[in-house]
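# Coordinates in review
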Amino acid sequence: MPLPHTYRITQYDPRDRDPSGAYIGEVDNVSDEGPLEAAYLDAVEAFAREVGVTRLAVRDPSVSHSPEDTPYSPDDVLVQIFGPGLVGLYDGATIDIAAAREIVRGMLRGDGKRVWCLLEAEGQMAVSVGWDVYMFIATDRPCPAAVAATAADSLFPEDWKVSPHTRDDAELERWRTQHTPIDDAFWARIDELVRLHGGVLVEERAAWTRWHRVTAEGARPALRPRCLVWVWPDLTTDKAAVMPHLDTEDPDDVEGTVVWQSPDGRLHDDCLSAEELPRIRATLDAATRVWWRSDYADGFAPLIEAVNPDDDGVIRGRWEPLESLGT
């Protein structure tokens, strides 16, 4: 169930809105990276203090690029929070309020390197940031002290019906029941596919996407908590069979994802677009194995879709199953 109290917190005076609620004032729709931004962060801390929350769980995280492809510097704030390679960044990881402030700061700035996520203390508090530095805080109780402190900091906290980022519990439960867990039975299916075909390609989706090639000779990949995986046919050494997918009479029709294995054994992927085709074709010349898939729904059919459960066997990752799309 949604938490009973939701506050919309913005830097926009409600008096400067038209009858539809659209803001028509003169305050920019970006973070000032100064006193107003600091006030947003103080608001998160003030509400947490009033509710009695000291740690928040990171839910549904995503970053703009893989830290394995483009490493973060050791002094990056995300590395300070989640460790080298962001190994600690996964759905369900918990952070303290000081770290939550830094996560919210990045979301307010729209920094492409920063993580986007929901921050939750189940049954007590939830924090989310949307477009144009709109922040929503939901709580299990009224928070008059935090509201007053936030208003005194020149922000505008408003009672709100529900955060636009609130998840529907019934829908989430339906999704969970449709998912296959990553368990012994899942790995037995993988082993059988490998026996029949020599290998499979595993797409691991979490805060960023990772690819694994599973063969009889290799070890099983270590998958991140609560990740979603799609299992696809193996890459091929027949590059000539893949290249036609990169050729079209109309470059605007290019659509799909290409995965390749470089001579060092690493896997890479790229979303196809007309402007990127020349670079991708040149890259594939040196690839040892390649694979392509359509990203259109009617051509998107993994061999297996599954979600990593928690240690108690319960699936808590919030992934919409492919079979529920369009229903």
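Details of the structure are given in the entry above.
Below or above, wherever it landed, is the structure these notes cover.

Conventions used here
Residues numbered from 1 in each chain as written. Predicted model: local features only at pLDDT ≥ 70, side-chain atom pairs only at ≥ 80, totals over all residues. Heavy atoms only, no water. Axes fitted to C-alpha atoms, helices over the stretch in contact; angles between N-to-C directions. Helix = DSSP H or I, 4+ residues; strand = E, 2+ residues; numbered from the N terminus. Parallel < 35°, antiparallel > 145°, perpendicular 65-115°, else oblique. Left-handed = near helix turned anticlockwise from the far one by under 90°. Contact = heavy atoms within 4.5 Å. Nonpolar A, V, L, I, M, F, W, Y, C, P; charged D, E, K, R; others polar. Expected span 1.5 Å × (residues − 1). Buried < 20%, exposed > 50% of the residue type's maximum accessible area, 1.4 Å probe, protein only. Core = buried A, V, L, I, M, F, W, Y, C linked by side-chain atoms within 4.5 Å. Phe/Tyr/Trp six-rings, centres within 6.5 Å; stacked < 30°, edge-to-face > 60°.

Where helix 1 (residues 35-51) contacts helix 3 (residues 97-109), the axes come no closer than 9 Å and their chain directions differ by 140°. For the element pair helix 1 / helix 3, the angle class is oblique. Relative to helix 3, the crossing made by helix 1 is right-handed. Between helix 1 and helix 3, the residues in contact are Glu37, Ala38, Tyr40, Leu41, Asp42, Val44, Glu45 and Ala48 and Ile97, Arg101, Val104, Arg105, Leu108 and Arg109, respectively. Here the contact of helix 1 with helix 3 is composed, by residue class, of 8 nonpolar, no polar and 6 charged.

It is worth spelling out helix 1 at this point. The end-to-end C-alpha distance of helix 1 is 24 Å, a good match for the 24 Å that 17 residues give at a rise of 1.5 Å each. Every buried residue belonging to helix 1 is among Glu37, Ala39, Tyr40, Leu41, Ala43, Val44, Ala46, Phe47, Ala48 and Val51, and all of these are buried. The elements touched by buried residues of helix 1 are strand 1 (5-10), helix 3, strand 5 (125-129), strand 6 (135-139) and helix 4 (144-152). Glycine 52 sits one or two positions beyond helix 1 and adopts a positive phi of about 90°.

Grouped together as the largest cluster of nonpolar side chains are 47 residues, with contacts concentrated most on Ile9, Leu89, Ile103, Val104, Leu119 and Met135. Breaking this core down by element, the ones donating at least two residues are strand 1, helix 1, strand 2 (55-62), helix 2 (77-82), helix 3, strand 4 (116-121), strand 5 and strand 6. Non-local contacts of methionine 135, meaning those with residues more than four positions away in its chain, are made with Tyr7, Arg8, Ile9, Tyr40, Ala43, Val44, Val104, Val127, Ser128 and Val129. Listed in part, the 16 residues of the second largest apolar core include Ile182, Leu193, Val194 and Val231.

Here we come to the packing of helix 1 against helix 4. The geometry of helix 1 relative to helix 4 is characterised by a closest axis approach of 8 Å and an angle of 165° between their N-to-C directions. With respect to helix 4, the element helix 1 is oriented roughly antiparallel. By crossing handedness, the relation of helix 1 to helix 4 is classed as right-handed. Within the contact between the two elements, helix 1 uses Ala43, Ala46, Phe47 and Glu50 and helix 4 uses Pro144, Ala145, Ala146, Val147 and Thr150. Broken down by class, the residue content of the contact of helix 1 with helix 4 amounts to 7 nonpolar, 1 polar and 1 charged.

Our next topic: the packing of aromatic side chains. Applying the stated criterion across every chain yields a total of 9 aromatic pairs. Both rings, one in tyrosine 7 and one in phenylalanine 47, keep their centres 5.1 Å apart while their planes meet at 45°; by these two values the pair is tilted. Taken together, the residues span a long stretch of sequence, with tyrosine 7 in strand 1 and phenylalanine 47 in helix 1 at a distance of 40 residues. Given a relative accessible area of 0%, phenylalanine 47 falls into the buried group. The interplanar angle of 50° and the centroid separation of 5.3 Å between the aromatic rings of tryptophan 232 and tryptophan 291 together place this pair among those described as tilted. Of this pair, tryptophan 232 sits in strand 11 (residues 228-233) while tryptophan 291 sits in strand 14 (residues 289-293), and the two are 59 residues apart along the sequence. One exposure class covers both tryptophan 232 and tryptophan 291, and it is buried. Each member of the aromatic cluster is reached from another via a ring pair, and the members are Trp211, Trp230, Trp232, Trp291 and Phe300.

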